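What follows is the residue order along each chain.
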Amino acid sequence: MSPPDAATGLFEAQRPRLLRLAYRMLGSVAEAEDVVQDAWLRWSRMEESVDVPAAYLTRIVTRLCLDQMRSARARRETYVGAWLPEPLMGTSDEEQADDLTLTLMLALERLSPLERAAFLLHDVFGLGFDEVAGTLDRDAAAVRQMAVRARKHVQDARPRYPVAQAEADRIAHAFFAASRDGDVAALQAMLAEDVVLYSDGGGRVIAFRNPIHGMDRALRLFAGLARKHVYRPVLLRPISIDGLPGYISMDRGQILQTTALEIRDGRIAAIYMVRNPDKLRHVATALDRPPAAAAGGH
C-alpha cells in the first residue's frame, strides 16, 4: 500500500467519480456518500499494494451499492406515495458527460441491480466488458447481455431533441409563475396533453399519493391549489436538477421543494416534485436552511 498521504491522495482523486457512480446506482445522495465513506475506510486499511486504484475502488463501490440496493428495494415496497431519486443539483461537465437525466434515472429503476450496474459501468463510465465482468463476478458474455437488455429498457426514455439552456430556463420560470398563480391559460399553453405529475413526500409531508395523469387533471389541480393557498410559493433558486430544468421553492407551511421538468417537443411532459425533507437535506445545506418536517403544502 502507498504511504498514508499518498493513499489519501489516490482516493480523493477518485472520490468525485465514485460519488457519481454510487448516486447513479442508488438514486440517493446521502446513501452514495455513505457508500463512498465505507469504501474509504476499507481503502485506508489496505496493506497490500493495488496496481490500478481506480479499478479496485470501482469494484468496492459497485459491490457495496449492490448490497445496499437489496435493502433499499425492500424499503421501497413500503414507501408512502411516489418514489423519486434525491435531486442532484447543478450540472458539472462530468455529469453532462453521464447524459443521465432524472427521466433516465427512473428508467434505471426498472432494471435488476446487476443490469443497472452493467449498464452504468459500461455505457456511462466506459469500462470494458472484461473489467465489468470482474467487478460483478460474472463472465463477460453474461455482462454483455445484461448491458444490452438494460440499454433497450432506457433508450425510449432518452430525449429525442435536447432543449437549449435558455429555452429550458424560460419554461421553468414561466411554469413556476403560472402554477403559483393558477393561471390555467398559461399552463395549458405549456403542458403536454399526456403530462404526468409526480410528488414525493415520503409520508413526511403532504404530497399527492398517486401520479396525476393528463392536462385536464393537472390544470384543475393547479387552479385549486392557487385558490386554496393563502401562502404563495416562493421561488428560491432556478437550477438544473438531474439534467432537467427546474427550481427550488418554498411552499405553504415552509415546505422546501424541488421541481424538475421534462420537456418534450417544446411542452412539459412530466413534472417531478420532491418534498420529502429526508431527501432534501443536501439542498437545504446548499441554501443554508433546514428542511421543514411538518406536514403542509399540497
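For clarity, every value in this text was computed on a predicted model and none was experimentally measured.

**Remarks on the pattern of salt bridges**
Counted under the stated rule, the structure contains 16 salt bridges. One salt bridge in this structure joins Arg 180 and Asp 181, with 2.8 Å as the shortest N-O distance. Close ionic contact of Asp 251 with Arg 275 constitutes a salt bridge, the shortest N to O distance being 3.0 Å. With a gap of 24 residues between them, Asp 251 in strand β4 (residues 244–251) and Arg 275 in the loop between β6 (267–274) and α12 (281–287) connect regions that are remote in the sequence. Like Asp 251, the residue Arg 275 is buried in the burial classification.

**A word on the pairing of β4**
Strand residues, when the strand is regular, have side chains that alternate between the two faces of the sheet. The buried fraction of β4 amounts to 8 of the 8 residues, a majority that puts the element mostly inside the structure. Of the two faces of β4, both are covered, the one formed by Leu 244, Gly 246, Ile 248 and Met 250 as well as the one formed by Pro 245, Tyr 247, Ser 249 and Asp 251. Here 7 bridges tie strand β3 (residues 234–241) to β4, and the two strands are oriented antiparallel to one another. Among the inter-strand pairings, Ser 240 is bridged to a residue of β4, identified as Pro 245.

**So, empty space enclosed by the protein**
Taken as a whole and judged by the stated rule, the model has 1 cavity of 30 Å³ or more. In this structure, the largest cavity occupies an estimated 50 Å³ of space. Lining the largest cavity, in full, are Met 25, Leu 26, Met 69, Ala 72, Arg 73, Arg 76, Glu 109 and Arg 116. Considering every element that reaches the lining of the largest cavity, the biggest residue donor is helix α3 (residues 53–76), with 4 residues.

**A short note on the nonpolar core**
Met 25 and Leu 136 are the most contacted members of the largest nonpolar core, which totals 50 residues. Broken down by secondary-structure element, the contributors of at least two residues to this core are α1 (4–26), α2 (29–44), α3, α5 (102–108), α6 (113–124), α7 (129–136) and α8 (140–155). Ignoring any residue separated from it by four or fewer positions in sequence, one finds Leu 136 in contact with Thr 62, Leu 66, Leu 114, Ala 117, Ala 118, Leu 121, Val 143 and Met 146. With 24 residues, the next largest nonpolar core counts Leu 187, Met 190, Leu 261 and Ile 263 among its residues.

**Notes on the sheet that holds strand β5 (residues 255–264)**
Remark on secondary structure: sheet strands pair via backbone hydrogen bonds, oriented parallel or antiparallel. The strand order across the open sheet built from 6 strands is β2-β1-β6-β5-β4-β3, with neighbouring strands paired in mixed fashion. The sheet is open, and its two edges are formed by β2 (212–213) and β3, each paired on a single side. Of the pairings in the sheet, the one linking β4 to β5 comprises 6 bridges and is antiparallel in character. Directly across from Gly 246, in β5, lies its bridge partner Ala 260. Along the sheet, helix α9 (residues 165–181) makes contact with β1 (191–200), β3, β4, β5 and β6, crossing β4 at roughly 30°.

**Structural notes on the packing of α6 against α8**
Helix-helix packing: each pair is described by the crossing angle between the helix axes and the interaxial distance. For the pair α6 and α8, interaxial distance at closest approach is 8 Å and the crossing angle is 90°. If you check the angle between α6 and α8, you find them roughly perpendicular. Here Leu 114, Glu 115, Ala 118, Phe 119, His 122 and Asp 123 of α6 come into contact with α8, specifically with Val 143, Met 146, Ala 147, Arg 149, Ala 150, Arg 151 and Val 154. Residue composition of the contact of α6 with α8, grouped by class: 8 nonpolar, 1 polar and 4 charged.

**Considerations on the packing of α7 against α8**
Look at α7 against α8: their axes get within 8 Å of each other, and the N-to-C directions meet at 100°. Taken together, the axes of α7 and α8 are roughly perpendicular relative to one another. Two secondary-structure elements touch here, α7 through Phe 129, Asp 130, Val 132, Ala 133 and Leu 136 and α8 through Ala 140, Val 143, Arg 144, Met 146 and Ala 147. Residue classes in the contact of α7 with α8 are distributed as 8 nonpolar, no polar and 2 charged.

Procedures and definitions
- Residues numbered from 1 in each chain as written.
- Predicted model: local features only at pLDDT ≥ 70, side-chain atom pairs only at ≥ 80, totals over all residues.
- Heavy atoms only, no water.
- Salt bridge = Lys/Arg side-chain N within 4 Å of Asp/Glu carboxyl O.
- Helix = DSSP H or I, 4+ residues; strand = E, 2+ residues; numbered from the N terminus.
- Buried < 20%, exposed > 50% of the residue type's maximum accessible area, 1.4 Å probe, protein only.
- Pairing = 2+ DSSP bridges.
- 1 Å grid on protein atoms, 1.4 Å probe; cavity = no way out; pocket = protein on both sides within 12 Å on 5 of 7 lines; lining within 4 Å.
- Points joined across faces, edges and corners; volume = space filled by probe spheres on them.
- Core = buried A, V, L, I, M, F, W, Y, C linked by side-chain atoms within 4.5 Å.
- Contact = heavy atoms within 4.5 Å.
- Axes fitted to C-alpha atoms, helices over the stretch in contact; angles between N-to-C directions.
- Parallel < 35°, antiparallel > 145°, perpendicular 65-115°, else oblique.
- Nonpolar A, V, L, I, M, F, W, Y, C, P; charged D, E, K, R; others polar.

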